[in-house]
Amino acid sequence: PFEVLVIGGGPAGSAAAIYAARKGIATGIAAERFGGQVSDTMGIENLISVPYTEGPKLVAAMEQHVGEYEVDVMNLQRAEKLIPAAEAGGYHEIRLANGASLKARSVILSTGARWRQLGVPGEAEYRNKGVAYCPHCDGPLFKGKRVAVIGGGNSGVEAAIDLAGIVGHVTLIEFGDQMRADDVLQKKLRSLPNVDIRVSAQTTEVLGADGKVSGLTYTDRISGESHQLDLEGVFVQIGLVPNTEWLKGDLELSQHGEIIINDRGETSVPGVFAAGDATTVPYKQIVISMGEGAKAALSAFDYLIRNSVP
Ligand code: FAD
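Analysis parameters
- Residues numbered from 1 in each chain as written.
- Predicted model: local features only at pLDDT ≥ 70, side-chain atom pairs only at ≥ 80, totals over all residues.
- Near = placed C-beta within 6 Å.
- Nonpolar A, V, L, I, M, F, W, Y, C, P; charged D, E, K, R; others polar.
- Axes fitted to C-alpha atoms, helices over the stretch in contact; angles between N-to-C directions.
- Helix = DSSP H or I, 4+ residues; strand = E, 2+ residues; numbered from the N terminus.
- Parallel < 35°, antiparallel > 145°, perpendicular 65-115°, else oblique.
- Left-handed = near helix turned anticlockwise from the far one by under 90°.
- Contact = placed C-beta atoms within 7 Å.
- Pairing = 2+ DSSP bridges.
- Expected span 1.5 Å × (residues − 1).
- Buried ≥ 20, exposed ≤ 12 C-beta atoms within 10 Å, placed from the backbone.

Focus on the site of the ligand
Around the ligand, the structure places 39 residues, and the nearest of them are G8, G10, G36, G112 and G276. By residue class, the composition of the shell around the ligand is 18 nonpolar, 15 polar and 6 charged.

Here it is as structure tokens:
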């Protein structure tokens, strides 16, 4: 059995495992795919003190850093069920998809999230070649260019406002007959000179030429007419989905499915902590996830010294 069992091997899980192992306690990490979203990332320019790196390179560095410590790394293992300890200081159980079950006095959940995809032709093909999901990450790559933001909820409208200050022109595309973002954001967006808004617009294809995005097509849902926009970038902002379906009913989740944590990374279950994109922490970023993972591990250690019988 483990003192600390980390579920998820992205930036949050890696940081949590390193911080836990440095306390000299039995630490394990089970991850469906070590590296998480970072494995799918091209250039990374906002990991402080590392001016530029690439996803696979950062994953290798995280793996190497975790490997410096006595951490039992169980890669390619998907957790399917959490059975909380009956009492504080007791063992929680994590059931894996392969039928095995792991026990730990404290658990750190860091299963991350995934961007909801449009599911139109060209989206997957031009991912990282003009199709982007994170304005904080990739906005500066489109300096002076034309981009579309798909989605008129808060995240889409925030992204469009953010990007309008960097890129040449932004077209916001909303499927419904109006945007769903807060009024104050919509007002701000409408005040910007280099932004167009298209509502009742269903994106039908991401177009490309020479291996990168060249535009998109959408159907006007009222007239039925098809339109084409010439662009260099498409930011898809139709939701970030936390990988927490398997936890439903076992601990408190927000209405968006995020694990509810407090400022110490504690969940609603004593001895179970959470960190990173899977949680209610605002702003989903690598550097934030790493900090949150470290914090959750220190909280877990604090829990262990208070609750476990030596
Ligand atoms: P994740 O990285 O999502 O890792 C989750 C881990 O949990 C993975 O190991 C996964 O396999 C595992 N897992 C999931 N479910 C289970 C389960 N049931 N059982 C076991 N394991 C499970 N951020 C930046 O700061 N800068 C950038 O430039 C940047 N660019 C990005 C580009 C792209 C294309 C994407 C998708 C994201 C980008 N981000 C960027 C965001 C950043 O990647 C995330 O904020 C960060 O990876 C979150 O870390 P995490 O550890 O919380 O989760």
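So, the packing of helix α1 (residues 11–21) against helix α2 (residues 55–67)
Relative orientation of the contacting elements α1 and α2 amounts to 20°, with a least axis distance of 9 Å. In terms of their interaxial angle, α1 and α2 are classed as roughly parallel. For the pair α1 and α2, the crossing hand works out as left-handed. Note on element contacts: α2 touches α1 through M62, H65 and V66, opposite P11, S14, A17 and I18. Its residues placed into classes, the contact of α1 with α2 shows 5 nonpolar, 2 polar and no charged.

Some details on the pairing of strand β16 (residues 226–230)
One face of the sheet, then the other: side chains in a regular strand alternate in exactly this way. In this structure, strand β15 (residues 212–220) lies alongside β16, joined through 5 bridges in antiparallel fashion. Considered in β16, the bridge of T217 is made with Q228. Connecting β15 to the antiparallel partner β16 that follows it, the hairpin turn spans 5 residues, and G224 within it adopts a positive phi of roughly 80°.

Quick notes on helix α6 (residues 286–307)
An α-helix turns once per 3.6 residues; consequently, residues spaced three or four apart project the same way. With 22 residues, α6 should reach 32 Å at 1.5 Å per residue; the first-to-last C-alpha distance of 31 Å fits that figure. Of all the residues in α6, the buried ones are I286, S289, M290, E292, G293, A294, K295, A296, A297, S299, A300 and Y303. For α6, the secondary structure elements touched by its buried residues are β1 (2–7), α1, β3 (43–44), β8 (101–109) and β19 (272–274).

Thoughts on the sheet that holds β15
Taken together, 3 strands build an open sheet; the order of strands is β14-β15-β16 and the sheet is antiparallel. The outermost strands of the open sheet, each flanked by one partner alone, are β14 (201–209) and β16. Neighbouring strand axes in the sheet, compared pairwise and without regard to direction, differ in orientation by 25° on average.

Quick notes on the packing of helix α4 (residues 154–164) against helix α5 (residues 183–190)
One way to put it is that α4 packs onto α5 with a least axis distance of 10 Å and a crossing angle of 30°. The orientation of α4 relative to α5 falls into the category roughly parallel. Crossing angle aside, the handedness with which α4 passes α5 is left-handed. For the pair α4 and α5, the contacting residues are N154, V157, E158, A160 and I161 in the first and L185, Q186, K188 and L189 in the second. Classifying every residue of the contact of α4 with α5 gives 5 nonpolar, 2 polar and 2 charged.

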